[in-house]
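Residue strings, one per chain:
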Amino acid sequence: MPLRLSDAFRAHPVHLCHKHPDFTSLQELPDSYTWGQLDVESSSSYGDSFSSESVPVVDLSDPNALTLVGHACKTWGVFQVTNHSISQNLLDDIENTGRSLFSLPVQQKLKAARSPDGVSGYGLARISSFFPKLMWSEGFTVVGSPLEQFRQLWPQDYGKFCDTIEEYETEMKKLAGRLMWLMLGSLGISKEDIKWAGPKGDLKGASAALQLNSYPACPDPDRAMGLAAHTDSTLLTILYQNNTSGLQVHREGTGWVTVPPLPGALVVNVGDLLHILSNGSYPSVLHRAVVNRTRYRLSVAYLYGPPGSVQISPLSKLLGPSRPPLYRPVTWTEYLGTKAKHFNKALSSVRLCAPLNGLVDVNDHNRVQVG
Ligand SMILES: C=C1C[C@]23C[C@@]1(O)CC[C@H]2[C@@]12CCC[C@@](C)(C(=O)O1)[C@H]2[C@@H]3C(=O)O
Ligand SMILES: O=C(O)CCC(=O)C(=O)O
Ligand SMILES: [Fe+2]
């Protein structure tokens, strides 16, 4: 039984062809990248007069932050945070690291290609194998130290880039822990209720992956897809996006809603494991990234989860005679393997009971066209 995050894909290797065209030289969208007209049912941007539906923004210094976070998790499964204590300098540094990485020649990036059964390295999104068309993006995943891969990319110069990644991971881990206690706190869950959090609730054993995503400008953005619709297999994800919009979240009854980049703000997604832990109270948000005709977009996702070998199941405090557990216990490592095999059916594959009274499962994303 694989225990570490880095072993999650041993049983489900994905053989992706990592050959990328030189995005910058293409004047027309090749057929292999043409998805057809995207279903932009609805969209909103900050201060936009067309839509009143926008993703909540929570100021973490607000005394009411716990309630606001809880409400956002229940009603959207996503929110933006300000006053999160990550410095603008560090956000600039991580953006510059991503830009330097993706602007290397393809042959250089391929020296750090992710292996079919591995987690870390350069390549297409793992979920690419579920789609007949290619996504207009490149990615780089880091689990733990980036040293091994970065030495391949920048043989002379890897030190400063490693330092930035490591500082970013340290700061994100603190913020993720803080957010997790807010998200759980508003459900009445306290530090004693999560054993793996340790006696002080410092969540030292938590694991995480960092995903850098690059979306070059695209000659035909309406027919291309940056990153196809998915939920994250995490407890929570903290996303930094540069000043080009592209992230969209799906909301039942509304459709796709753009999450506008707000200077200095970070996006927080509820992931599948928090959906399980909350016994379905918090929906894990379905999201995707679209691309832009003229602007380059970069995002950095911090994918946060429990220690790889800890069983995650609905918290007993949230259960009762009329609230049976909806999911069976699953470790993060096992769930990542399940996602690699079943993609958007992963969550329902660990579900115990059918939705009650014919109610629709908030997380039944099979109903949404994910392509
Ligand atoms: C821990 C992880 C979650 C992730 C797979 C990964 O091993 C590292 C990359 C993550 C990511 C980012 C882009 C979307 C996604 C579905 C993918 O293909 O790779 C997620 C994976 C996930 O959350 O399941
Ligand atoms: O680029 C984005 O906005 C989305 C990235 C994302 O969803 C991910 O890395 O999991
Ligand atoms: Fe995601």
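Every value quoted in this text rests on a predicted model; they were computed, and no experiment measured them. (Residues numbered from 1 in each chain as written. Chains lettered and ligands numbered in written order. Predicted model: local features only at pLDDT ≥ 70, side-chain atom pairs only at ≥ 80, totals over all residues. Heavy atoms only, no water.)

A. Structural view of the nonpolar core. Among the nonpolar cores identified, the biggest contains 78 residues, and Phe 79, Phe 140, Leu 179 and Met 183 are the most heavily contacted of them. Ranked by residues supplied to this core, first place goes to helix α5 (residues 158-185) with 13 residues. When near neighbours in sequence (up to four residues on either side) are disregarded, Phe 140 contacts Leu 101, Phe 102, Ala 112, Gly 121, Tyr 122, Gln 149, Phe 150, Leu 153, Leu 210, Gln 211 and Leu 212. (Core = buried A, V, L, I, M, F, W, Y, C linked by side-chain atoms within 4.5 Å. Buried < 20%, exposed > 50% of the residue type's maximum accessible area, 1.4 Å probe, protein only. Helix = DSSP H or I, 4+ residues; strand = E, 2+ residues; numbered from the N terminus. Contact = heavy atoms within 4.5 Å.)

B. The arrangement of the environment of Leu 101 in detail. Assignment of secondary structure puts Leu 101 in helix α2 (residues 88-102). By relative accessible area, which is 0% here, Leu 101 ends up buried. Each C-alpha atom, one on Leu 101 and one on Phe 161, is 9.2 Å from the other, the two residues being 60 residues apart in sequence.

C. Highlighting the sheet that holds strand β9 (residues 255-258). Taken in spatial order, the four strands make up an open sheet running β6-β11-β8-β9, and their pairing is antiparallel. Bordering the open sheet on either side are β6 (227-230) and β9, each of which pairs with just one other strand. The average angle at which neighbouring strand axes cross in this sheet is 25 degrees, direction not considered. Relative to β9, strand β8 (residues 247-251) runs antiparallel, the two sharing four bridges. Within β9, the residue paired with Gln 248 across the bridge is Thr 258. (Pairing = 2+ DSSP bridges. Axes fitted to C-alpha atoms, helices over the stretch in contact; angles between N-to-C directions.)

D. The arrangement of the coordination of the iron ion (ligand 3) in detail. Bound to the iron ion (ligand 3) on the protein side are His 230 (NE2), Asp 232 (OD) and His 287 (NE2), at distances that span 2.1 to 2.2 Å. The sequence pattern describing where the donors of the iron ion (ligand 3) fall on their chain is H-x1-D-x54-H. With a gap of 55 residues between them, Asp 232 in the loop between β6 and β7 (236-241) and His 287 in strand β11 (residues 287-289) connect regions that are remote in the sequence. Residue classification places His 287 among the buried residues on the basis of a relative accessible area of 6%. (Donors = N, O, S within 2.8 Å, 3.2 Å for Na, K, Ca; no water.)

E. Inspection of the site of ligand 2 at higher detail. Taken together, 13 residues surround ligand 2, and among them Asn 213, Tyr 215, His 287, Arg 297 and Ser 299 come closest. Here an oxygen atom of ligand 2 and a side-chain polar atom of Tyr 215 are 2.6 Å apart. Between ligand 2 and Ser 299, the relevant distance is 2.6 Å, taken from an oxygen atom to a side-chain nitrogen or oxygen of the residue. Elements represented by at least two residues in the shell around ligand 2 include exactly β5 (207-215), β6, β11 and β12 (297-305). Considering only residue class, the shell around ligand 2 consists of six nonpolar, five polar and two charged. (Near = heavy atom within 4 Å. Polar contact = N/O pair within 3.5 Å; in protein donor to acceptor, adjacent residues only side chain to side chain. Nonpolar A, V, L, I, M, F, W, Y, C, P; charged D, E, K, R; others polar.)

F. Up close: the side chain of Lys 339. Note that Lys 339 resides in helix α7 (residues 332-342). At 3.0 Å, the side chain of Lys 339 and the backbone oxygen of Thr 231 are in polar contact. Beyond its immediate stretch of four places on either side in the chain, Lys 339 contacts Phe 130, Thr 231, Asp 232, Ser 233, Asp 272 and Ala 346.

G. Region of interest: the sheet that holds strand β2 (residues 78-82). Pairing is mixed in the open sheet, where eight strands are placed in the order β1-β2-β10-β7-β12-β5-β4-β3. Of all the strands in the sheet, just β1 (57-59) and β3 (121-123) have a single pairing partner and so form its edges. Strand-to-strand twist in this sheet, taken as the mean axis angle between neighbours without regard to direction, amounts to 25 degrees. Bridge analysis of β7 against strand β10 (residues 266-270) gives four bridges, and the strand direction is antiparallel. Along β10, the bridge assignment pairs Thr 237 with Asn 269. Relative to β5, α2 is tilted by about 60 degrees, and along the sheet it contacts β3, β4 (138-142), β5, β7, β10 and β12.

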